[in-house]
Number of protein chains: 2
Amino acid sequence: MALRSQSKSSETITIGLLGAGNVGAQVAKTLVEERELISARVGTPIKLIGVAVRDPESPRDWRIPGELLTTDAEGLVDTADLVIELIGGIEPASALIERALRRGAAVVTGNKALLASRGTELDAIAAETGALLRYEASVGGAIPILRPIEESLSGDRITKVMGIVNGTTNYVLDQMDTTGAAFDDALEEAQKLGYAEADPTADVAGLDAAAKAAILGTLAFHAPFSFEDVYCEGITEVTQDDIEAAAASGYVIKLLAIAEKHTAGQAPGVVLRVHPTLLPRTHPLASVRGAFNAVFVVAENAGELMFYGQGAGGRPTSSAIMGDVVAVARRLRAPVPEAPTISREVNLPPLLIDKATTQYYIDMEVADREGVIAEIARVLADHHVSIESMRQPGSVTVEGEVEDSDNGAKVQVVTHIASEKDLRETVEELRGLDVVKTVNSVLRVEVNR
Amino acid sequence: MALRSQSKSSETITIGLLGAGNVGAQVAKTLVEERELISARVGTPIKLIGVAVRDPESPRDWRIPGELLTTDAEGLVDTADLVIELIGGIEPASALIERALRRGAAVVTGNKALLASRGTELDAIAAETGALLRYEASVGGAIPILRPIEESLSGDRITKVMGIVNGTTNYVLDQMDTTGAAFDDALEEAQKLGYAEADPTADVAGLDAAAKAAILGTLAFHAPFSFEDVYCEGITEVTQDDIEAAAASGYVIKLLAIAEKHTAGQAPGVVLRVHPTLLPRTHPLASVRGAFNAVFVVAENAGELMFYGQGAGGRPTSSAIMGDVVAVARRLRAPVPEAPTISREVNLPPLLIDKATTQYYIDMEVADREGVIAEIARVLADHHVSIESMRQPGSVTVEGEVEDSDNGAKVQVVTHIASEKDLRETVEELRGLDVVKTVNSVLRVEVNR
């Protein structure tokens, strides 16, 4: 049943904006100052009819005309043809978006937390009422990534999506890599520069990236995933030692959001995971520096694709919001009498991290005596984990045994592809060995394959 | 007036394919073998009803079922809801596409030569009859670039588009850079590997890239440009000496297709140009290797974006074609009663290359005696061209005069931003100097700015 708010082509499309923070103020500025341009791009006049805020007196990046400001968000939602939600968080954003969709109004939002927890429900409400719901700005800031996945790649089968989707953590890891800074110092620097919030937990714990992994996975695999389906490790445990050891072997450490289809075995599905990852420095994602974002997509026919750009900030994010506004407004001109399709692929449940397969990097302190390497190699072999390379810091690649000495030594192993389950059991047994003093780090490795 | 062929949601959307070469055979395979998947993605059944070819007996990459093959292209165009044109070239492709659009059938094509010469007319015919016309595969193979420019960036102002859009020339230049090969040897290697045609003229002369520059410019600037508006220099004059000299200064030479808005001065417009370009090795486009393609886009709010992937080949290109097919078929389900908008921005004519401003690299053989550098510097200054750096191969950056000697010497200058007109006059005067024996190369330089 179609309830969509229908504008005839000569009528003005009215727009209500919820929230006027960093991104909201920029969107308001564009809608007011560039009204003529945006109307021409849409093909029919558009008009910002109100900006709902909590406190009309708050200072803002751009001074919104007083007559547009209102504290009555619900009243605005009940009037506008198109609602832009930039409040963030779950409530009241969720209730307001639902209210708009139920009356058939179009909604544009960048609210990743909401989409990762209630996106499937909101999509279903939109499909039911024939309303349009778009959220390009929720992943990768200015980077067009959701539309290319949904539309340009709709005739292909995506097998993997892998992205640097959090600028804060990428800035911190990049600083640690390029300046040798410790984690805490790099984070403090990021806060000073405005790349990290005063409370950086959601970023450094990987929660922001996990929300984006759920959104990317849902669109890439035509199957509904939520935040809870994503395995998540942040970057708080990554040390300068890890960064240096990775660099010595030609790797860089990045926090990646990965959604990957697994079809081997009886139960196909998708593993969604966020964790610090070793990438060869030659990988296209390895050179994504500072607060930039990039998403790498692998599809059966298209092969490898990468989308790169600014992942945050008022102006870049407003570009993605405005792209959705124009695209949605163009479609409002021409009412569609039927519900849009949500194509769903069956038999693609989220899989536990145990089903993931990747390469691993293990860094250990060991006793520096004969037979150590042999013993470690035996444990890996027992668990069907084969070794790609083994290295002692400061020495060349170890081919045989380490020399006798009183001091402890370090051993770093990069495995071939193994399952999380086998790897976990391997590490557990390694920890129990007399010759292994401690296992410092276990990190996943992604290579081009 | 809307004549668009309207399918009700329960009806099958019929597809006619024109051409069954490299890409066409892969598209036919996907439409037949993945019919169920594609139908689910569209939301209504699709069916390939015919493949028009010149010779049904020709061997193909995929054996098309005999009952689908026909030599009657016009009959197929007159029956199908959606026509995929993969014949290439101007005729009969142009007449067949026009015939399809005039009866309101949707058209998907990857025909860059046709679009660069008649794209504006075809867009106008589609707008008139309400037919859908999509051509993502015409630029960048599998890379989603046209849809992001048209839709995702529709709420922003693009200021520059700059792409590596020809795999053959990128492979040749990359081989020259990484292996030290001469131009002819690198081209022969590309031909052996199937990256270059037996007659590589269209690629190495930059004509293929120029067609893509016209298409990119038209969409990025909402203004109609054609092949004739593009200034075009190929890579045939690029020598191993140029590559080495560029490398010594931290640059790599790439053939770029550039469309750039110029707003300074009384007459704003767009300069479209294809030429070998020096890029700093740190530029995101510099690391695009082999036959890969990438397009770099700068927009006022979004900032810098890059789109990267495989630019050619049957499977990658078929991915872009199929993405358009699914997107168009989804819209055929829901008939749109009005003509789609072609938004056009006024006052953006194509500008002559004279209006372009960029940095330049000039490589000269000079007499090795006192006063040479001063004389060269004076000529540049007279034409308002300022010097960013000056270098003698094998020596450090020259700050003063070169030493006296009997032998000739080389001087390489990188200028600050200057206009093509000033640069041309400068080079003319340099050629006339007694102390300048020859000007070996004049190449344009793009940096991040």
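Source: prediction; values computed, not measured. (Residues numbered from 1 in each chain as written. Chains lettered and ligands numbered in written order. Predicted model: local features only at pLDDT ≥ 70, side-chain atom pairs only at ≥ 80, totals over all residues. Heavy atoms only, no water.)

Enquirer: Can you walk me through the side chain of Gln175 of chain A in this structure?
Expert: Residue and element names in this part refer to chain A. By the secondary structure assignment, Gln175 is in helix α7 (residues 167–179). The class for Gln175 is buried, based on a relative accessible area of 18%. Excluding residues that lie within four positions of it along the chain, Gln175 makes contacts with Gly180, Ala181, Ala186 and Glu189. (Helix = DSSP H or I, 4+ residues; strand = E, 2+ residues; numbered from the N terminus. Buried < 20%, exposed > 50% of the residue type's maximum accessible area, 1.4 Å probe, protein only. Contact = heavy atoms within 4.5 Å.)

Enquirer: So what exactly am I meant to see when it comes to the side chain of Ser154 of chain B here?
Expert: Assignment of secondary structure puts Ser154 of chain B in the loop between α6 (146–152) and β7 (158–164). For Ser154 of chain B, the side chain forms a polar contact with the main-chain oxygen of Glu151 of chain B, separated by 2.6 Å. If sequence neighbours within four positions are ignored, Ser154 of chain B has contacts with Arg41, Gly323, Val326, Ala327 and Arg330 of chain A together with Ile149 of chain B. (Polar contact = N/O pair within 3.5 Å; in protein donor to acceptor, adjacent residues only side chain to side chain.)

Enquirer: Is there a simple way to explain the relation of the copies chain B and chain A in this structure?
Expert: The relation between the two copies of this chain is a rotation about an axis and a shift parallel to it. At an RMSD of 0.0 Å, chain B and chain A line up after a rotation of 180 degrees and a shift of 0.0 Å along the axis. Taken together, the rotation angle and the small translation identify this as a two-fold axis. The position closest to the rotation axis in chain B is occupied by the C-alpha of Phe307 of chain B, lying 2.4 Å away. When the interface residues of chain B are mapped onto chain A, 100% of them again fall at the interface, so both copies present the same face. (Least-squares fit on C-alpha atoms with pLDDT ≥ 70 in both.)

Enquirer: So what exactly am I meant to see when it comes to the pattern of salt bridges here?
Expert: Oppositely charged side chains may form a pair once their charged atoms are brought near each other. Under the defined criterion, the tally for this structure stands at 54 salt bridges over all chains. The partner of Arg273 of chain A in a salt bridge is Glu260 of chain A, with the nearest N and O atoms 3.0 Å apart. Residue Arg273 of chain A is located in strand β10 (residues 269–280), and its partner Glu260 of chain A is located in strand β9 (residues 251–262); the two are separated by 13 residues in the primary sequence. On the basis of relative accessible area, Arg273 of chain A is assigned to the buried category, the value being 0%. Between Glu98 of chain B and Arg102 of chain B there is a salt bridge, with the nearest N and O atoms lying 3.2 Å from each other. Here Glu98 of chain B and its partner Arg102 of chain B are both found in helix α4 (residues 93–102), four residues apart, which amounts to about one turn of the helix. A relative accessible area of 40% places Arg102 of chain B in the partly exposed class. Each of Arg147, Glu151 and Asp324 of chain A together with Arg147, Glu151 and Asp324 of chain B takes part in salt bridges that share partners, so that together they form one network. (Salt bridge = Lys/Arg side-chain N within 4 Å of Asp/Glu carboxyl O.)

Enquirer: Just checking my understanding: could you explain the interface of chain B and chain A for this structure?
Expert: Interface extent is often summarised as the accessible area lost during association of the parts. Each partner contributes to the interface: chain B provides 55 residues, whereas chain A provides 55 residues. A buried area of about 4,600 Å², summed over both sides, lies between chain B and chain A, and 46% of it is on carbon and sulfur atoms. Of all residues in chain B, the largest losses of buried area upon contact with chain A belong to Arg41, Asn301 and Tyr308 of chain B, amounting jointly to 15% of the total for that side. The salt bridge involving Arg157 of chain A is made with Glu34 of chain B; its shortest N-O contact spans 2.3 Å. Summed over the shared surface of chain B and chain A, the number is 20 residue pairs in polar contact (both at pLDDT 80 or more). Going through the elements one at a time, α1 (22–33), α2 (35–42), α6, β12 (303–310) and α12 (314–333) of chain B are the ones with two or more residues in the side of chain B that touches chain A. Counting residues per element, the side of chain B that touches chain A draws most heavily on α12 of chain B, at 10 residues. In terms of residue class, the side of chain B that touches chain A is built from 23 nonpolar, 17 polar and 15 charged. In this structure, strand β12 (residues 303–310) of chain A lies alongside β12 of chain B, joined through three bridges in antiparallel fashion. (Buried area = accessible area lost by both parts, 1.4 Å probe. Nonpolar A, V, L, I, M, F, W, Y, C, P; charged D, E, K, R; others polar. Pairing = 2+ DSSP bridges.)

Enquirer: Got a minute to help me understand the sheet that holds strand β5 (residues 106–109) of chain B in this structure?
Expert: Sheet strands line up and pair through hydrogen bonds in the backbone, either parallel or antiparallel. All names here are of chain B. With parallel pairing, six strands are arranged side by side in an open sheet as β3-β2-β1-β4-β5-β6. Because the sheet does not close on itself, it has two edges, and the strands there are β3 (69–70) and β6 (133–134). Here β5 runs beside β6; their pairing, made up of two bridges, is parallel. Within β6, the residue paired with Val107 across the bridge is Leu133.

Enquirer: Can you help me understand the confidence of the model for chain A in this one?
Expert: Residues and elements named next belong to chain A. Scored by pLDDT, chain A has a mean of 89; 91% of the residues are at 70 or more. Confidence drops under a pLDDT of 50 for residues 1–9, and excluding neighbours within four residues, the segment shows 32 contacts in the predicted structure. For residues 395–406, every residue scores under 50 in pLDDT, and the model assigns this stretch 22 contacts once sequence neighbours within four places are set aside. (pLDDT = per-residue confidence, 0-100.)

Enquirer: I keep staring at the pairing of strand β11 (residues 292–299) of chain A and nothing clicks. Help me out?
Expert: Each regular strand displays side chains that alternate between the two surfaces of the sheet. Residue and element names in this part refer to chain A. Among the eight residues that make up β11, seven are buried, leaving the element largely enclosed by the rest of the structure. Bridging between strand β7 (residues 158–164) and β11 involves six bridges; their strand directions are antiparallel. In the sheet register, Val161 faces β11, and the bridge partner there is Val297. Across eight bridges, β11 lies against β12 in antiparallel orientation. Counted as the bridge partner of Phe292 is Gln310 from β12.

Enquirer: Hey, could you run me through the packing of aromatic side chains in this one?
Expert: Ring pairs (aromatic) are described by centroid distance and by the angle formed between their planes. Inspection of the entire model under this criterion finds five aromatic pairs over all chains. With centroids separated by 6.1 Å and ring planes inclined at 85 degrees, the aromatic side chains of Phe307 of chain A and Phe307 of chain B adopt a geometry described as edge-to-face. Pair noted here: Phe307 of chain A is in strand β12 and Phe307 of chain B is in strand β12, and the two residues belong to different chains. The class for Phe307 of chain A is buried, based on a relative accessible area of 1%. (Phe/Tyr/Trp six-rings, centres within 6.5 Å; stacked < 30°, edge-to-face > 60°.)

Enquirer: How should the sheet that holds strand β2 (residues 46–52) of chain A be read in this particular structure?
Expert: Residue and element names in this part refer to chain A. With parallel pairing, the six strands of this open sheet are ordered in space as β3-β2-β1-β4-β5-β6. Each edge of the sheet is formed by a strand with only one pairing partner; in this case those strands are β3 (69–70) and β6 (133–134). Contacts from helix α2 (residues 35–42) reach β1 (13–18) and β2, with the element oriented near 120 degrees to β2. (Axes fitted to C-alpha atoms, helices over the stretch in contact; angles between N-to-C directions.)

Enquirer: Explanation requested: the UniProt feature "active site" (unreviewed entry) in chain A in the structure shown.
Expert: Residues and elements named next belong to chain A. The UniProt feature table records "active site" (unreviewed entry) at Lys212. Along the chain, Lys212 turns up in helix α10 (residues 207–221). Setting aside chain neighbours within four positions, we find Lys212 in contact with Lys112, Ser138, Val139 and Val165. (UniProt positions renumbered as here; feature names shortened; annotations may be inferred.)

Enquirer: Please explain the domain arrangement of chain A as it appears in this structure.
Expert: Residue and element names in this part refer to chain A. Assigned domains within chain A: domain 1 (13–140 + 315–333), domain 2 (146–311) and domain 3 (356–445). Put simply, the middle of domain 1 and the middle of domain 2, counted by C-alpha atoms, are 27 Å apart. Residue-level contacts link 13 residues of domain 1 with 19 residues of domain 2. The interface formed by domain 1 and domain 2 contains three salt bridges. In this structure, Arg134 engages Glu150 in a salt bridge whose closest nitrogen and oxygen atoms are separated by 3.2 Å. Those elements giving two or more residues to the side of domain 1 that touches domain 2 turn out to be α5 (112–129) and α12 (314–333). With four residues, the top contributor of residues to the side of domain 1 that touches domain 2 is α5. (Domains from an automatic or database assignment.)

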